[in-house]
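Single-letter residue listing:
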Amino acid sequence: MQIINPATEEMSEIPETPLAAIPQQLDRAKEAQLLWRTLSVAERAAVLLPLAGSIAASKAEFARLIAEDMGKPIASGLGELRRVTTGIEYLCQKAPEWLAHEITDAGREAGYIEYAPLGVIGVITPWNGPVWLSVIGLIPSLLAGNAAIYKPSENSLRTGITLAQYFQCLRGLPEGLVQLVVGGKSHGRAVVESGVAMVALVGSTAAGKDIMRTCAADLKRVSLELGGLDSAIVLKDVDIQSAAQKIVRIHCTNSGQVCCSIKRVYVECQVYSQFVQEAVAEAQKVRVGNPLDDVDMGPLAGAFQLQKVETAVADAVQKGAQVLTGGRRLERKGFFYPPTIVTAITNDMTLMNSEPFGPVLPIMPVDDWTEAVRLTNSTRYGLTSSIWTKDANLARTIASHLDVGVVGFNAHGVPPLGAPWGGAKESGIGRTRSKEGLREFCNVKFVRIPAS
Ligand code: NAD
């Protein structure tokens, strides 16, 4: 496979897995899983836990790989790796409790619930958080007693391959338990069509739909963490300067390439002009440059991302949008695109209906929060949303009207570990990073205990 450094456009090649090898990989994973499932959850956690330490010890190497693969600045890469190590530690610590047998007394007959493994899980991941979004599929799969066939993104291959090697080197992990498939979409499809028991995808809504259609044929289980078109709802009582600065910074994280990035802002009309002014000023302060340097934003992950963003902006401009800052790729090598603020937005613009996945922030005035809720709920997505106000009671009321998986209050995005993570509508099916998430990788088996 050809890989391209998005900051320098340097090319290199990595051999892909022959498609014909996947059935054998599945067989090896199945065999290893028979051994792995005999371990208790605590024993599995003890085998997996050292991964946190080995990733922490290699964080500089990993952060550089991430930067060269998909353009994330080193400081953000190190932030991702901190989340990875705490995430592994947290899940390994909690799993024995969350997956313990639960005694129930169902009336006349007692019994217990066993959180049993499913078999081999196809873990298919994207490039935008290449270590974290892989670990969050692999660790729960393994803690629950499953094996995994891991297919990292074709756009962050070197990171994915290195992570797989770290898993495979874990002492006590049966050989073959984690199988690596190197390739693109067709390899993802081949994993889905193989005899895996479940597919855990983090990726686009289009991929999620395709996978679900295939899995329907033999009722394979799916966990789908998909795209979003998340809104921030800004009310007139809030500190506008501070809200605008935070919203722009959140939006620019990872060059706008985050599933739960703020992708639409609805501002009460009384404070709209002030908000726009502050947002433009903040966007112009964002330092864009080589991800190996001290910058806020690196390049987009590749030419495919640049094209998506340019197309969405051109469509908006053609339909009457005003670009107040940014709006044009940087004239240098690499796929750099600056923070872009757009106003005079109409709901028929592409960026208001499908995820642009880049640093383009549309801001729209609304009469009141009810209009913001109606517009937020009007798209097919439902990942997260946030409410910016001083009024916590009103925020609760607004939250109850939003059709999304997570709502933020003067904050946006991923909640702390342990809170269920996932989307509503076309943003996904299932929850991860929590008790609910871990149990999705299990067969919830009820064992009837005969009365003695
Ligand atoms: P993508 O869907 O193009 O690819 C994701 C992975 O799926 C890759 O490994 C790819 O090879 C594979 N794939 C693609 N189509 C497939 C198919 N039909 N069958 C099997 N495998 C297939 O997404 P991407 O560009 O890598 O990532 C960006 C997307 O991921 C965005 O939509 C973003 O919002 C979403 N995302 C969601 C979350 C979340 O938690 N909800 C987190 C991160 C990213």
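If you're wondering where the values come from, they're calculated on a predicted model, not measured in any experiment.

Caption draft 1: Molecular detail of the overall build of the protein. When you go through the protein residue by residue, the secondary structure sums to 15 helices and 18 strands. By its C-alpha atoms, the protein is 70 × 60 × 40 Å across when sized along the principal axes. Expressed as a percentage of the 452 residues in the protein, the buried residues total 56%. Within the protein, contacts between residues at least 6 apart in sequence are counted, and of these 72% link residues at least 24 apart. Side-chain charges of the protein comprise 44 positive and 45 negative groups, with the mean position of each set lying 2 Å from the other.

Caption draft 2: Fine view of the packing of helix 5 (residues 74–98) against helix 6 (residues 132–143). Following both chains from N to C, one finds helix 5 and helix 6 inclined at 15°, their axes separated by 10 Å at the closest point. Accordingly, the angle class assigned to the pair helix 5 and helix 6 is roughly parallel. Helix-helix and strand crossings are classified by hand; for helix 5 and helix 6 the assignment is right-handed. Across the interface between the two elements, Glu80, Arg83, Val84, Gly87, Ile88, Leu91, Cys92 and Ala95 from helix 5 touch Trp132, Val135, Ile136, Ile139, Pro140 and Leu143 from helix 6.

Caption draft 3: Inspection of the sheet that holds strand 9 (residues 221–225) at higher detail. Here six strands make up an open sheet; going across it, the order is 7-6-5-8-9-17 and the pairing mixed. Each end of this open sheet is capped by a strand with a single partner; those strands are strand 7 (178–180) and strand 17 (428–429). Relative to strand 7, strand 6 (residues 147–151) runs parallel, the two being bridged by three bridges. If you follow Tyr150 over to strand 7, its bridge partner there is Leu180. Here helix 7 (residues 157–168) sits on the sheet and contacts strand 6 and strand 7; the angle it forms with strand 7, its principal contact strand, is near 155°.

Caption draft 4: Looking closely at the packing of helix 2 (residues 41–48) against helix 6. Contact pair helix 2 / helix 6: the axes reach a minimum separation of 9 Å and the direction vectors enclose 145°. Of helix 6, the residues touching helix 2 (which contributes Val41, Arg44, Ala45 and Leu48) are Ile139, Leu142 and Leu143. When grouped by side-chain class, the residues that make up the contact of helix 2 with helix 6 number six nonpolar, no polar and one charged.

Caption draft 5: Geometry of the environment of Ala29. Within the element layout of this structure, Ala29 appears in helix 1 (residues 22–36). On a C-alpha basis, the gap between Ala29 and Gln179 in space is 6.7 Å, while along the polypeptide they are 150 residues apart.

Caption draft 6: Representation of unusual backbone geometry in the model. Notably, Ser255 is not glycine yet its phi reads approximately 55°, a positive angle. Among the secondary structure elements, Ser255 is positioned in the loop between helix 10 (240–252) and strand 11 (262–268). Overall, the relative accessible area of 2% leaves Ser255 in the buried class. Positive phi is not limited to glycine here, since Asn410 has a value of about 55°. Asn410 sits in the partly exposed class, given a relative accessible area of 29%.

Caption draft 7: Examining the site of the ligand more closely. Around the ligand lies a shell of 29 residues, among which Glu154, Ser204, Asp210, Leu226 and Glu355 are the nearest. At 3.3 Å, a backbone N or O of Gly203 approaches an oxygen atom of the ligand. Within the side chain of Trp421, a nitrogen or oxygen atom sits 3.0 Å from an oxygen atom of the ligand. In isolation the ligand has 840 Å² of accessible area, and contact with the protein removes 93% of it. Every element with two or more residues in the shell around the ligand is listed here: helix 8 (185–193), strand 8 (198–202) and helix 9 (205–216). Classifying every residue of the shell around the ligand by side-chain character gives 14 nonpolar, eight polar and seven charged.

Caption draft 8: A look at helix 6. If you check helix 6, its first and last C-alpha atoms are 16 Å apart, about what 12 residues at 1.5 Å a residue would give, namely 16 Å. Immediately downstream of helix 6, the backbone of Gly145 shows phi near 95°, a positive value.

Caption draft 9: Representation of the side chain of Glu355. In this structure, Glu355 sits in the loop between strand 13 (340–343) and strand 14 (360–366). A polar atom in the side chain of Glu355 sits 3.0 Å from the side chain of Lys263. Excluding anything up to four places from it in sequence, Glu355 contacts Gly227, Gly228, Leu229, Cys259, Lys263, Lys308 and Tyr381.

Caption draft 10: Quick peek at the pairing of strand 14. The element strand 14 is largely enclosed, with a buried count of six among its seven residues. The pairing of strand 11 with strand 14 spans four bridges and is parallel. By the bridge assignment for strand 14, Val265 is matched with Ile363. The pairing of strand 13 with strand 14 spans three bridges and is parallel.

Caption draft 11: Structural view of the sheet that holds strand 14. Taken in spatial order, the seven strands line up as 12-13-14-11-10-15-16 in an open sheet, and their pairing is mixed. On the outer flanks of this sheet lie strand 12 (322–325) and strand 16 (406–409), each paired with one strand and no other. Adjacent strand axes in the sheet meet at a mean angle of 25° when their direction is disregarded. As judged from the four bridges shared by strand 15 (residues 384–388) and strand 16, these two strands associate in the parallel manner. The residue bridging Ser385 from the neighbouring strand is Val407, located in strand 16. Each of strand 10 (230–234), strand 11, strand 14 and strand 15 is contacted by helix 13 (residues 369–377), which is oriented at about 155° to strand 11, the strand it contacts most.

Parameters at a glance
Residues numbered from 1 in each chain as written. Predicted model: local features only at pLDDT ≥ 70, side-chain atom pairs only at ≥ 80, totals over all residues. Heavy atoms only, no water. Helix = DSSP H or I, 4+ residues; strand = E, 2+ residues; numbered from the N terminus. Buried < 20%, exposed > 50% of the residue type's maximum accessible area, 1.4 Å probe, protein only. Contact = heavy atoms within 4.5 Å. Lys, Arg positive; Asp, Glu negative; His and termini not counted. Charge placed at Lys NZ, Arg CZ, Asp CG, Glu CD. Axes fitted to C-alpha atoms, helices over the stretch in contact; angles between N-to-C directions. Parallel < 35°, antiparallel > 145°, perpendicular 65-115°, else oblique. Left-handed = near helix turned anticlockwise from the far one by under 90°. Pairing = 2+ DSSP bridges. Nonpolar A, V, L, I, M, F, W, Y, C, P; charged D, E, K, R; others polar. Near = heavy atom within 4 Å. Polar contact = N/O pair within 3.5 Å; in protein donor to acceptor, adjacent residues only side chain to side chain. Areas by Shrake-Rupley, 256 points an atom, 1.4 Å probe, with all protein chains shown as cover. Expected span 1.5 Å × (residues − 1).

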